[in-house]
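Inside the fold
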Amino acid sequence: MKFLKKYGFYFLLLGVLSDFLTPYILGIFYPELNQMTRVMSVFGDVASPVRGAFLVWSVVSGVFFVLAFPAIYQSVVKTSRTLAILLASAIGLYGIGDCIFTGLFSIDTEQASWTFSTWVHNIGSGLGYAGFLIFPLFLVILYRKTGDKTRSNIYLVLLIVSLLSAGVYGLARIPAVNDLPVLDKIGFCQRISFFFNYLPIVVFGIDRIRKP
């Protein structure tokens, strides 16, 4: 446990790097997939030529996030036990729900109706993404509590940008409007959203590593 508390934030950054690079590296081996119009989970579809690599990679990324759990909790618990639990849980929820579940329960786009695996995948992904989105909110509250207005304002800006990008991605999933320019590129919207969702995590991780 001491090892995880000491190096947990490195695992956090490894999780971000691993998860973020997944579609771009696997895309090299799946050139026929249009990443501008297809979401990342399609890499794990039963018809995908890189399905095995994607599923294993997703689980590995999720494990990195879970390994960061003790360090996140330990770094915040002296300020607030509740916020320590919420911050660690938000990352844990994303690592388990959106990464590990993605690797263990793949989707099948050829099926007319959702299979059990698809249900678990989508529910886990939704819950994990929720943890992803609210993580910076807890950081805003944390630094307001400690009186660090600068960091609180930084995470507030990151939270707003993250929510806005997630909103655009959400619109791209709605059939009534997803034929509009930009929104018709759901893969692009997802990747932009994930980039801004990752920023608060990266900033937090680097900040904690640098902190003496």
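As the structure is a computational prediction, the values presented were derived from the model and not from experiment.

Criteria and thresholds
Residues numbered from 1 in each chain as written. Predicted model: local features only at pLDDT ≥ 70, side-chain atom pairs only at ≥ 80, totals over all residues. Heavy atoms only, no water. Salt bridge = Lys/Arg side-chain N within 4 Å of Asp/Glu carboxyl O. Buried < 20%, exposed > 50% of the residue type's maximum accessible area, 1.4 Å probe, protein only. Helix = DSSP H or I, 4+ residues; strand = E, 2+ residues; numbered from the N terminus. UniProt positions renumbered as here; feature names shortened; annotations may be inferred. Axes fitted to C-alpha atoms, helices over the stretch in contact; angles between N-to-C directions. Parallel < 35°, antiparallel > 145°, perpendicular 65-115°, else oblique. Left-handed = near helix turned anticlockwise from the far one by under 90°. Contact = heavy atoms within 4.5 Å. Nonpolar A, V, L, I, M, F, W, Y, C, P; charged D, E, K, R; others polar. Expected span 1.5 Å × (residues − 1). Polar contact = N/O pair within 3.5 Å; in protein donor to acceptor, adjacent residues only side chain to side chain. Core = buried A, V, L, I, M, F, W, Y, C linked by side-chain atoms within 4.5 Å. Phe/Tyr/Trp six-rings, centres within 6.5 Å; stacked < 30°, edge-to-face > 60°.

With that settled, the discussion passes to the pattern of salt bridges. According to the stated counting rule, one finds three salt bridges in the structure shown. Two residues, Asp148 and Arg151, come together in a salt bridge whose shortest N-O distance is 2.8 Å. Judged by relative accessible area, Arg151 falls into the partly exposed class, the value being 31%. Between Arg151 and Asp207 there is a salt bridge, and its shortest N-O distance comes to 2.9 Å.

With respect to the helices, strands and loops of the structure, Met1 is situated in the segment before helix H1 (2–26). Judged by relative accessible area, Met1 falls into the exposed class, the value being 61%.

Below, the discussion takes up the UniProt feature "transmembrane region" (unreviewed entry) in the chain. Following the UniProt record, one finds the feature "transmembrane region" (unreviewed entry) at residues 7–30, 50–73, 85–107, 119–142, 154–172 and 192–209. Overall, residues 7–30 shows 83% helix and 0% strand. The separation of its end C-alpha atoms is 34 Å.

Below, the discussion takes up the packing of H1 against helix H7 (residues 186–210). Between H1 and H7, the shortest axis-to-axis distance is 9 Å and the interhelical angle comes to 160 degrees. As far as their axial angle goes, H7 and H1 are roughly antiparallel. For H1 against H7, the interelement crossing comes out left-handed. Here Phe9, Tyr10, Leu12, Leu13, Val16, Asp19, Phe20, Pro23 and Tyr24 of H1 lie close against H7, whose contacting residues are Arg191, Phe195, Tyr198, Ile201, Val202, Phe204, Gly205, Ile206, Arg208 and Ile209. Residues of the contact of H1 with H7, tallied by class, amount to 15 nonpolar, one polar and three charged.

This part is about helix H2 (residues 51–67). Note that an α-helix has 3.6 residues per turn; residues three or four places apart therefore point the same way. For H2, built from 17 residues, the straight-helix expectation of 24 Å at 1.5 Å per residue is met to within 8% by its first-to-last C-alpha distance of 25 Å. All of the buried residues in H2 are Phe54, Leu55, Ser58, Ser61, Gly62, Phe64 and Phe65. Residues of H2 that are buried sit in contact with H1, helix H3 (69–76), helix H4 (81–104) and H7.

Comment: phi is negative for the bulk of residues other than glycine, and the bulk of peptide bonds are trans. For Val182, which is not a glycine, the phi torsion comes out positive at approximately 75 degrees. By the secondary structure assignment, Val182 is in the loop between helix H6 (149–172) and H7.

On to the side chain of Ser48, then. Checked against the element boundaries, Ser48 lands in the loop between H1 and H2. Looking at Ser48, its side chain comes within polar contact range of the main-chain nitrogen of Val50, at 3.2 Å. Not counting residues within four places of it along the chain, the set of residues in contact with Ser48 comprises Tyr30, Val42 and Phe43.

Turning next to the nonpolar core. Core analysis: the largest hydrophobic core is formed by 47 residues, its most contacted members being Leu12, Phe65, Ile72, Leu87, Phe135, Leu139 and Phe204. Of all elements in the fold, only H1, H2, H3, H4, helix H5 (116–146), H6 and H7 reach the threshold of two or more residues within this core. The element contributing the most residues to this core is H5, with nine residues. The residues touching Leu139, leaving out its near neighbours within four places in the chain, are Leu87, Tyr155, Pro200 and Phe204.

This paragraph deals with the packing of aromatic side chains. Each aromatic ring pair is described using two quantities: the centre-to-centre distance and the angle formed by the ring planes. Under the defined criterion, the tally for this structure stands at 21 aromatic pairs. For the ring pair Phe20 and Tyr198, a centre distance of 5.9 Å and an interplane angle of 85 degrees mean the geometry is edge-to-face. You can see Phe20 sitting in helix H1 and its partner Tyr198 sitting in helix H7, a full 178 residues away along the chain. Judged by centre distance (5.7 Å) and plane angle (75 degrees), the ring pair of Phe135 and Phe204 falls under edge-to-face. Taken as a pair, Phe135 in helix H5 and Phe204 in helix H7 lie far apart in primary sequence, 69 residues in all. Residue Phe135 is classed as buried on the basis of its relative accessible area, which comes to 1%. Here Phe204 falls in the buried class, since its relative accessible area comes to 0%.

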